[in-house]
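Spelled out from the first residue to the last, the chains are:
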There are 2 protein chains.
Amino acid sequence: MLEHVRVILVEPSHPGNIGASARAMKNMALSSLVLVQPAQFPSAEATARASGADDVLMRAAICTDLDTALTGCGLVLGASARQRGVPWPRLDARQAAAKALAHAGTVAFVFGREHSGLTNEELDRCNYLVQIPANPAYSSLNMAAAVQVIAYELFMALKQSRPDTPAEVLATAEQRARFYEHLEQTLIALQFLDPAHPKHLMRRLRRLYNRAALKENEINILRGILKSVELALMDRGPWPEKTQ
Amino acid sequence: MLEHVRVILVEPSHPGNIGASARAMKNMALSSLVLVQPAQFPSAEATARASGADDVLMRAAICTDLDTALTGCGLVLGASARQRGVPWPRLDARQAAAKALAHAGTVAFVFGREHSGLTNEELDRCNYLVQIPANPAYSSLNMAAAVQVIAYELFMALKQSRPDTPAEVLATAEQRARFYEHLEQTLIALQFLDPAHPKHLMRRLRRLYNRAALKENEINILRGILKSVELALMDRGPWPEKTQ
């Protein structure tokens, strides 16, 4: 799972962001949270925003500096929206998640202060700078929102490394063929479809229903409707002559 | 860009979530926000959490019901974490973003109440239910966090998009609503649907047709068929008494 991934928040100033980050982590099956010099912690606001992830908060470690927070970590990834003078090696969030999943040891994602991000000295500890692709005109995500995106990409990467969910059972080609035949006969009986000038009506309808990828029980409903139209037509008289 | 994507928040109870959603949207180049019966708006807390995205808040529309909020929308995608008895057609966030980008008309992403999400009646308006893959043990994201993930996937899809597939024009939500109403009336007239015991028939049929993402001309064909059934019923006599 994702036990080997540590989320480190450096000097978070708003306790609400700590709580929201804990929730985002638990939503995505992450549990290891480390706080470096939080302005206020523990806090009622953090607990409220954590909602059902208060267990992540309770187990959060608190450190006085980033180096301590990184103890035992192999791969270190620093999240940052700021453009840097020195071109650090970069990954986007999706690439970073793939790299984190492929790493055998402990991986740290480091998130910087709300207003100023990570310092260059802190980025010196990172193997890569991770950027979340964003609107160039407004690229700075809220801290917990950034944790949410990274955690989501980690969960997606984990999910895709596993076998897929079973496919749905669709109607067979024969069941579909019988439905289309039934539909055509009914439309002829309704005088909606003129067999002498069918145009492309049946093709259009097939295309529509094929796109829906009908299930067996749905075909049964649709054929039930056709049956009730046939019954209604049976005990009406012949169609009047067309007058126009 | 992403001007054709509308974010609709249904009955948000916490103004902070409205502000954080606006920020998440602007970070990902989205700007069209619609609020359905917000508990409190405008609000100082929403503005604070929006940070530099207060322009998105200022332009937000406020509606009294979801149908009004959906005016003009073609593709409608409802975000939901809850498991449903009836299996709605589903997309994950990434698939939904790809579908939204491929759609030529206006696309709505609908987010439900903080504690209870969207009702089944609200999901009946949606072509697809969108689920953000998450920890099965704690799958409910904060509202603004869900907006962040969807908006991020939209931005990623935009970034990766190639203008090779022509976008298709779907019927609008209003056209679909009128078709379902017409279908229901016709099924009642056919005595296929008993209004006293409707069961889940209309929901099943909506699900089937929503999945097909009907085009305008297809709706015209289907309503033409319904019209010809009505004509056939008009000049038949009353239904015989049921004998069993």
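Now for a look at the structure at hand. As the structure is a prediction and not an experimental result, all values here were calculated from the model.

Regarding the overall build of chain A
For step 1, the next point in the chain: Counting secondary structure elements, chain A contains ten helices and seven strands.
For step 2, the next point in the chain: The 244 residues of chain A split such that 51% are buried.

What about the interface of chain A and chain B?
For step 1, the next point in the chain: Taken together, the 57 residues of chain A in the interface contact 58 residues of chain B.
For step 2, the next point in the chain: Carbon and sulfur atoms supply 59% of the area buried between chain A and chain B, which totals about 5,000 Å² over both sides.
For step 3, the next point in the chain: Viewed at the interface, chain B and chain A are joined by three salt bridges.
For step 4, the next point in the chain: In this structure, Glu-153 of chain B and Arg-94 of chain A form a salt bridge, with 2.9 Å as the shortest nitrogen-oxygen distance.
For step 5, the next point in the chain: Across the contact surface, chain A and chain B share 23 residue pairs in polar contact (both at pLDDT 80 or more).
For step 6, the next point in the chain: Breaking the side of chain A that touches chain B down by element, the ones donating at least two residues are α1 (15–27), α2 (44–50), α5 (93–102), α7 (143–160), α9 (201–212) and α10 (216–234) of chain A.

Some details on the side chain of Asn-127 of chain B
All names here are of chain B.
For step 1, the next point in the chain: Take Asn-127: it is sitting in the loop between α6 (120–123) and β7 (128–131).
For step 2, the next point in the chain: Asn-127 gets classed as buried once you look at its relative accessible area, which sits at 0%.
For step 3, the next point in the chain: Only 3.5 Å separates the side chain of Asn-127 from the backbone oxygen of Asn-210, close enough to count as a polar contact.
For step 4, the next point in the chain: In this view, Asn-127 contacts Gly-74, Leu-75, Val-76, Pro-89, Arg-176, Asn-210 and Arg-211; residues no more than four positions away in its chain are not counted.

Some remarks on the packing of α1 of chain A against α7 of chain A
Residue and element names in this part refer to chain A.
For step 1, the next point in the chain: One way to put it is that α1 packs onto α7 with a least axis distance of 8 Å and a crossing angle of 10°. Classed by the angle they form, the pair α1 and α7 counts as roughly parallel. Between α1 and α7, the contacting residues are Asn-17, Ala-20, Ser-21, Ala-24, Met-25 and Asn-27 on the first element and Met-143, Ala-144, Val-147, Gln-148 and Ala-151 on the second.

A few points about the packing of aromatic side chains
For step 1, the next point in the chain: Evaluation of the coordinates by the stated rule reveals five aromatic pairs over all chains.
For step 2, the next point in the chain: Relative to Tyr-209 of chain A, the ring of Phe-179 of chain A has its centre 5.3 Å away and its plane inclined at 90°; by these criteria the two rings are edge-to-face. Of this pair, Phe-179 of chain A sits in helix α8 (residues 173–189) while Tyr-209 of chain A sits in helix α9, and the two are 30 residues apart along the sequence. The two residues Phe-179 of chain A and Tyr-209 of chain A agree in class, both being buried.
For step 3, the next point in the chain: In this structure an aromatic cluster arises from ring pairing among Phe-179, Tyr-180 and Tyr-209 of chain A together with Phe-179, Tyr-180 and Tyr-209 of chain B.

Some thoughts on the packing of α5 of chain A against α7 of chain A
Residue and element names in this part refer to chain A.
For step 1, the next point in the chain: One way to put it is that α5 packs onto α7 with a least axis distance of 8 Å and a crossing angle of 55°. The angle between the axes of α5 and α7 places the two elements in the oblique class. α5 and α7 meet at a crossing whose hand is right-handed. Facing Ala-93, Arg-94, Ala-97, Ala-100 and Leu-101 of α5, the residues of α7 in contact are Val-149, Ile-150, Glu-153, Leu-154, Ala-157 and Leu-158.
For step 2, the next point in the chain: In terms of residue class, the contact of α5 with α7 is made up of nine nonpolar, no polar and two charged.

A closer look at the nonpolar core
For step 1, the next point in the chain: Leu-33 and Phe-109 of chain A together with Leu-33 and Phe-109 of chain B are the most contacted members of the largest nonpolar core, which has 99 residues in total.
For step 2, the next point in the chain: Setting aside residues no more than four positions away along its own chain, Phe-109 of chain A makes contact with Val-5, Arg-6, Val-7, Ile-8, Leu-77, Ala-96, Ala-100, Val-130, Ile-150 and Leu-154 of chain A.
For step 3, the next point in the chain: Counting residues in hydrophobic clusters, the runner-up holds 44 residues, among them Tyr-180, Leu-187 and Leu-226 of chain A together with Tyr-209 of chain B.

Some points on the sheet that holds strand β5 (residues 90–92) of chain A
Residues and elements named next belong to chain A.
For step 1, the next point in the chain: With respect to topology, seven strands assemble into an open sheet ordered β3-β2-β1-β6-β4-β7-β5, the strand pairing being parallel. Looking at strand neighbours, the two that pair on one side only are β3 (61–63) and β5, the edges of this open sheet. Across the sheet, the mean angle from the axis of one strand to that of its neighbour is 30°, orientation sign disregarded.
For step 2, the next point in the chain: Sheet analysis places β5 next to strand β7 (residues 128–131), joined by three bridges and oriented parallel. Bridge assignment links Asp-92 to a residue of β7, and that residue is Gln-131.
For step 3, the next point in the chain: The sheet contacts of α1 involve β1 (5–10) and β2 (32–36), and relative to β2 the element is tilted by about 160°.

Quick word on the pairing of β7 of chain A
For step 1, the next point in the chain: As judged from the three bridges shared by strand β4 (residues 73–79) of chain A and β7 of chain A, these two strands associate in the parallel manner. Across the sheet, the residue bridging to Leu-77 of chain A is Tyr-128 of chain A, located in β7 of chain A.

Description of helix α7 (residues 143–160) of chain B
Residue and element names in this part refer to chain B.
For step 1, the next point in the chain: Counted at 1.5 Å a residue, the expected span for α7 with its 18 residues is 26 Å, and the 26 Å between its end C-alpha atoms agrees.
For step 2, the next point in the chain: By the criterion of burial, α7 is predominantly enclosed, with 16 of the 18 residues buried.
For step 3, the next point in the chain: Put simply, Asn-142 is the residue that caps the front of α7, since its side-chain oxygen is 2.8 Å from the backbone nitrogen of Ala-144.

Description of the pattern of salt bridges
A pair can form between side chains of opposite charge whenever their charged atoms are brought close.
For step 1, the next point in the chain: Considering all chains together, one arrives at 19 salt bridges over all chains under this definition.
For step 2, the next point in the chain: For Asp-55 of chain A, the salt bridge identified is with Arg-59 of chain A, shortest N-O distance 4.0 Å.
For step 3, the next point in the chain: Looking at Arg-59 of chain A, the relative accessible area reads 52%, which means it is exposed.
For step 4, the next point in the chain: Salt bridges sharing common partners tie together Arg-94 and Glu-153 of chain A together with Arg-94 and Glu-153 of chain B.

Section: α10 of chain A
For step 1, the next point in the chain: For α10 of chain A, with 19 residues, the first-to-last C-alpha span of 27 Å sits near the 27 Å given by 1.5 Å per residue.
For step 2, the next point in the chain: Restricting attention to buried positions, one finds in α10 of chain A the residues Glu-218, Ile-219, Ile-221, Leu-222, Ile-225, Leu-226, Ser-228, Val-229, Ala-232 and Leu-233 of chain A.
For step 3, the next point in the chain: Against α8 and α9 of chain A together with α8 (173–189), α9 (201–212) and α10 (216–234) of chain B lie the buried residues of α10 of chain A.

Quick notes on empty space enclosed by the protein
For step 1, the next point in the chain: Counted according to the given criterion, the structure contains one cavity of 30 Å³ or more.
For step 2, the next point in the chain: A breakdown of the residues in the lining of the largest cavity according to their chemical character gives 20 nonpolar, two polar and no charged.

What counts, and at which threshold
- Residues numbered from 1 in each chain as written.
- Chains lettered and ligands numbered in written order.
- Predicted model: local features only at pLDDT ≥ 70, side-chain atom pairs only at ≥ 80, totals over all residues.
- Heavy atoms only, no water.
- Helix = DSSP H or I, 4+ residues; strand = E, 2+ residues; numbered from the N terminus.
- Buried < 20%, exposed > 50% of the residue type's maximum accessible area, 1.4 Å probe, protein only.
- Contact = heavy atoms within 4.5 Å.
- Buried area = accessible area lost by both parts, 1.4 Å probe.
- Salt bridge = Lys/Arg side-chain N within 4 Å of Asp/Glu carboxyl O.
- Polar contact = N/O pair within 3.5 Å; in protein donor to acceptor, adjacent residues only side chain to side chain.
- Axes fitted to C-alpha atoms, helices over the stretch in contact; angles between N-to-C directions.
- Parallel < 35°, antiparallel > 145°, perpendicular 65-115°, else oblique.
- Phe/Tyr/Trp six-rings, centres within 6.5 Å; stacked < 30°, edge-to-face > 60°.
- Left-handed = near helix turned anticlockwise from the far one by under 90°.
- Nonpolar A, V, L, I, M, F, W, Y, C, P; charged D, E, K, R; others polar.
- Core = buried A, V, L, I, M, F, W, Y, C linked by side-chain atoms within 4.5 Å.
- Pairing = 2+ DSSP bridges.
- Expected span 1.5 Å × (residues − 1).
- 1 Å grid on protein atoms, 1.4 Å probe; cavity = no way out; pocket = protein on both sides within 12 Å on 5 of 7 lines; lining within 4 Å.
- Points joined across faces, edges and corners; volume = space filled by probe spheres on them.

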